[in-house]
Amino acid sequence: MGNRRTLTRRNFLIRGAAVGGAAFLGGCDQLSQSPSFRDLLYRAEGLTQRAQRLVLSQHSLAREFTEADISKHFKANGSTSVADPQYQRAAADGFTDWKLTIDGLVERPTALTLAELRALPSRTQITRHDCVEGWSAIGKWKGAQMAPLLQSVGLKPEARYLVFHCTDKLSMFTNYYESIDLIDAFHPQTILAYEMNDVPLTVPHGAPVRLRVERQIGYKQAKYIERIEAVASFDAIGDGRGGFWEDRGYEWYAGI
Amino acid sequence: MADVAAAPQHAQIVYRHSLMVRITHWVNALCLLVLLLSGLQIFNAHPALYLGSTSNPDRAILSMDAVQRDDGTFAGITTIGSHTFDTTGVFGLSYGPGGQLEDRGFPSWLTLPSYRDLATGRRWHFFFAWLLVLNGAAYLAYAAWSGHVRRDLAPTRSQLRNIGRSVWEHIRFHFPKGEDAKSYNVLQKLAYLAVIFGLLPLMVLTGLTMSPAMDAAFPFLLDIFGGRQSARTIHFLCASAITLFVVVHIFMVLVSGAWNNIRSMVTGRYIIVPDTGEAADGK
């Protein structure tokens, strides 16, 4: 009698745990798709951003490594080529006629050739690239510093973000794009990189120019940049969340 | 051993857990469950672990992969160091929520969401990480203010002297009764202290070390843990240790008077069975 009761109770507990577990996981899947619950989860991003910005100063630099630390294998992720024929022609002749447009809320909209970009104040840094998937690789980047470039084109007072429009399409219909705010735009390690590991940026890594914004995750490091637009808000661009991956649920503030 | 004369003759109800301990216990339990499952979703985006700053694929210390066998079928292979294990169906290759075989590190019944969705896994993980930290901070503030750590968690000298006997009693599934049951036993205290002041803080710190922004703000984090990928590995190992703790914890709750234990963590009230000297285990 006593034994049977124990067994029944044990069975009850085991079955209860199994049913409860399945219900919990099923419930979590449903919550994951509920717009209002997603809104709740998304609020953590603002908290993370404010907390990290509180402990970061404008001068806190991402760690820089030595030549010996450079990764032999640096995976090229996302787009590794661009289908656009105009891009392919430009790539074939070394991007000599290629131009980077800087416009939007700037005093002096401009278009820079690669040679002009290379003549601007530059910075070289050996940094760690952290993919959102979890892997890390160290590379050496050389590029034009964003801060002096922005000073030369003159941001209008209402400009709050820089949007990076890219030539590659990761989905069928939309070009890749990214955005950063002015805190990151004016950070000394934020560069428009045209060299990786002492050679011109290759096509898989985003030739001719990609962004390095070292205190954020990999998907912020936009490749194949063709236009930088200063905006007051990115609500009207793409799905309005500030980037290709952001429109697909990833955080706009990707410091973590 | 409790003084038999002082032991209560009848079952006695004591107020065992304060409201603050009960609330923070259950919030913490929910956080750990969500963090484990969403953490495995995040792990599945790159199901391998490394030491150092970077993730050289040739130097993985653990990986879970789907590979094609010679006969054309697929297998899930888990590699730990130089050892490989066929873990088809569980690690590396398993049936997804849609019922088809998928290459995925951990199986769908251990990830949140069950289907592959790194973005949503990260949203869950960071939301509940904040909840865990705020809840933990509330608990620690309360514990310091109320004397909970000193009164309930710090082992006494005599407990530490008799630790061998406590181990022996546990092995034989004999649990304290009477006066002794009013406080945690020494193994319980040490386990709780290790989790509260060891594993959980390590979990938070190694989690922060994976953040490129936190690394810029506090570069010493990288030096403490030996690089971002080492921090990721330690994060995984600590999560495994906490999971092991929870499994043992739940097992002990069930075998040492399940309803009494669970009730005490819900209402605070715990029934003390008089110590009659016999192995009266209720059933």
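Since the model is a prediction, treat every value here as computed from it, not as a measurement. (Residues numbered from 1 in each chain as written. Chains lettered and ligands numbered in written order. Predicted model: local features only at pLDDT ≥ 70, side-chain atom pairs only at ≥ 80, totals over all residues.)

Draft legend 1. Local environment of the nonpolar core. Counting 74 residues, the largest nonpolar core has L162, F164, L192, A193 and I225 of chain A together with F128 of chain B as the members making the most contacts within it. Here the element with the most residues in this core is helix α1 (residues 19-44) of chain B; it accounts for 8 residues. In contact with L162 of chain A, other than residues within four places in its own chain, are S179, I180, A185, I228 and A230 of chain A. In this structure, M210, F225, A231 and I234 of chain B belong to the second largest nonpolar core, which totals 7 residues. (Core = buried A, V, L, I, M, F, W, Y, C linked by C-beta atoms within 7 Å. Buried ≥ 20, exposed ≤ 12 C-beta atoms within 10 Å, placed from the backbone. Helix = DSSP H or I, 4+ residues; strand = E, 2+ residues; numbered from the N terminus. Contact = placed C-beta atoms within 7 Å.)

Draft legend 2. The sheet that holds strand β3 (residues 62-68) of chain B, seen in detail. An order of β2-β3-β4-β5 (chain B) is seen for the 4 strands of this open sheet, with the pairing classed as antiparallel. With partners counted over all chains shown, the strands left at the sheet margins are β2 (48-49) and β5 (83-86) of chain B, one partner each. (Pairing = 2+ DSSP bridges.)

Draft legend 3. Structural view of helix α2 (residues 35-55) of chain A. All names here are of chain A. Compared with an ideal rise of 1.5 Å per residue, which puts 21 residues at 30 Å, α2 spans 31 Å between its outermost C-alpha atoms and is within 8% of the ideal. Among the residues of α2, L41, A44, E45, T48 and Q52 are the ones counted as buried. Viewed end-on, α2 has its buried residues packed into an arc of 105 degrees, placing them on one side of the element. Turned more than 90 degrees off the buried face of α2, the exposed positions are P35, S36, D39, R43, G46, R50 and L54. (Expected span 1.5 Å × (residues − 1). Arc of directions from axis to C-beta.)

Draft legend 4. Fine view of the domain arrangement of chain B. Residues and elements named next belong to chain B. Domain annotation of chain B identifies domain 1 (4-48 + 110-272) and domain 2 (49-105). On a C-alpha basis, the centres of domain 1 and domain 2 stand 30 Å from each other. Listed by partner, the interface residues are 15 residues for domain 1 and 16 residues for domain 2. Of all the secondary structure elements, the ones that give two or more residues to the side of domain 1 that touches domain 2 are α1 and α9 (228-255). Broken down by element, the side of domain 1 that touches domain 2 gets its largest block of residues, 6 residues, from α9. Of the residues assigned to the side of domain 1 that touches domain 2, the class counts are 5 nonpolar, 7 polar and 3 charged. (Domains from an automatic or database assignment. Nonpolar A, V, L, I, M, F, W, Y, C, P; charged D, E, K, R; others polar.)

Draft legend 5. Structural detail: the interface of chain B and chain A. Listed as interface residues are 34 residues of chain B and, on the opposing side, 41 residues of chain A. When contributions to the side of chain B that touches chain A are tallied by element, the ones reaching two or more residues are α2 (118-146), α7 (212-217) and α9 of chain B.

Draft legend 6. Broad picture of the pairing of strand β7 (residues 191-196) of chain A. Residues and elements named next belong to chain A. The element β7 is extensively covered by neighbouring structure, given that 5 of its 6 residues are classed as buried. Pairing of strand β4 (residues 136-145) with β7 involves 5 bridges; the strand directions are antiparallel. Its bridge partner lying in β7, A144 is registered against L192. Of the strand pairs in this sheet, β7 and strand β9 (residues 210-212) are connected by 3 bridges, and their pairing is antiparallel.

Draft legend 7. Local environment of the environment of G226 of chain B. All names here are of chain B. Within the secondary structure, G226 is located in the loop between α8 (220-225) and α9. Taking the number of C-beta atoms within 10 Å as the measure of exposure, G226 has 15 and is therefore partly exposed. For the pair G226 and N185, spaced 41 residues apart in the sequence, the C-alpha separation amounts to 36 Å. Setting aside residues up to four positions removed in sequence, G226 forms contacts with L51 and G52.

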